[in-house]
Amino acid sequence: MDGRPEIESKVAPPVARCAHCQGMLPLGLGEKTCVLCGAVCRVTHERTIIDLREEKIPCPKCSTLVVAGTEERPVDLICGSCQGPFRIIPKVVKVEIGCPSCDRMLRLRPRPGSRKISCPACESEFSVTF
Ligand SMILES: [Zn+2]
Ligand SMILES: [Zn+2]
Ligand SMILES: [Zn+2]
């Protein structure tokens, strides 16, 4: 632990789908292997890449805005003002799903494939597929 502060990016990566089976691909950009059918797909999303490169993050020490300058996440940056190092970590993507029994909205991290969820409000189990 080097004490480098971490700041979560505000730019969400796109939820991309496999061109072969329409399953969800692992989050992020570049070459991704579909965990459901094994196909390799290239995820590009120009708007997201531009947003990531131009994202301005306030330095945790002196609040100067620092431009990320790259679409890589995590990325280590040095503040030009106070020379303080910090890291931008990928945004945690959450998707809202309504419980089919009680309509309570649940916030879930999307993951490829199906899984069982139990609703914290009514305790009914249901499966979700992203
Ligand atoms: Zn696939
Ligand atoms: Zn600073
Ligand atoms: Zn429920």
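Not measured: the values here are computed from a predicted model.

Caption draft 1: Layout of the overall build of the protein chain. Each helix and strand in the protein chain was counted, giving one helix and eleven strands. Reading the protein chain from its N end, one meets helices and strands in the order β-β-β-α-β-β-β-β-β-β-β-β. The globule rule puts the C-alpha radius of gyration for 130 residues at 14 Å, and the 18 Å found for the protein chain is more than 25% above it. Burial analysis of the protein chain (130 residues in total) assigns 35% to the buried set. Look at the contacts in the protein chain between residues 6 or more apart in sequence, and 28% of them connect residues 24 or more apart. One way to put it: in the protein chain the 19 positive side-chain charges average out to a point 1 Å from where the 15 negative ones average out.

Caption draft 2: Spatial organisation of the coordination of the zinc ion (ligand 3). Taken together, Cys99 (SG), Cys102 (SG), Cys119 (SG) and Cys122 (SG) make up the protein donors of the zinc ion (ligand 3), found 2.3 Å from the metal. With four donor atoms in place around the zinc ion (ligand 3) and angles of 107 to 113° between them, the coordination shape is tetrahedral. Looking at Cys102, the relative accessible area reads 32%, which means it is partly exposed. On the accessibility criterion, Cys122 (32% relative accessible area) is partly exposed.

Caption draft 3: Representation of the coordination of the zinc ion (ligand 2) in the model. For the zinc ion (ligand 2), every protein donor is listed as Cys59 (SG), Cys62 (SG), Cys79 (SG) and Cys82 (SG), and the spread of their distances is 2.2 to 2.3 Å. Relative to the metal, the four donor atoms surrounding the zinc ion (ligand 2) lie at angles of 106 to 117°, and the coordination shape comes out tetrahedral. Each donor residue of the zinc ion (ligand 2) belongs to the same chain, with the gaps between them written as C-x2-C-x16-C-x2-C. When its relative accessible area of 0% is taken as the criterion, Cys79 is described as buried. Among the residues examined, Cys82 registers a relative accessible area of 28% and is labelled partly exposed.

Rules and cut-offs
- Residues numbered from 1 in each chain as written.
- Chains lettered and ligands numbered in written order.
- Predicted model: local features only at pLDDT ≥ 70, side-chain atom pairs only at ≥ 80, totals over all residues.
- Heavy atoms only, no water.
- Helix = DSSP H or I, 4+ residues; strand = E, 2+ residues; numbered from the N terminus.
- Rg over C-alpha atoms; globule rule 2.2 N^0.38 Å.
- Buried < 20%, exposed > 50% of the residue type's maximum accessible area, 1.4 Å probe, protein only.
- Contact = heavy atoms within 4.5 Å.
- Lys, Arg positive; Asp, Glu negative; His and termini not counted.
- Charge placed at Lys NZ, Arg CZ, Asp CG, Glu CD.
- Donors = N, O, S within 2.8 Å, 3.2 Å for Na, K, Ca; no water.
- Tetrahedral: all angles 85-135°; square planar, octahedral: opposite > 155°, others 65-115°.

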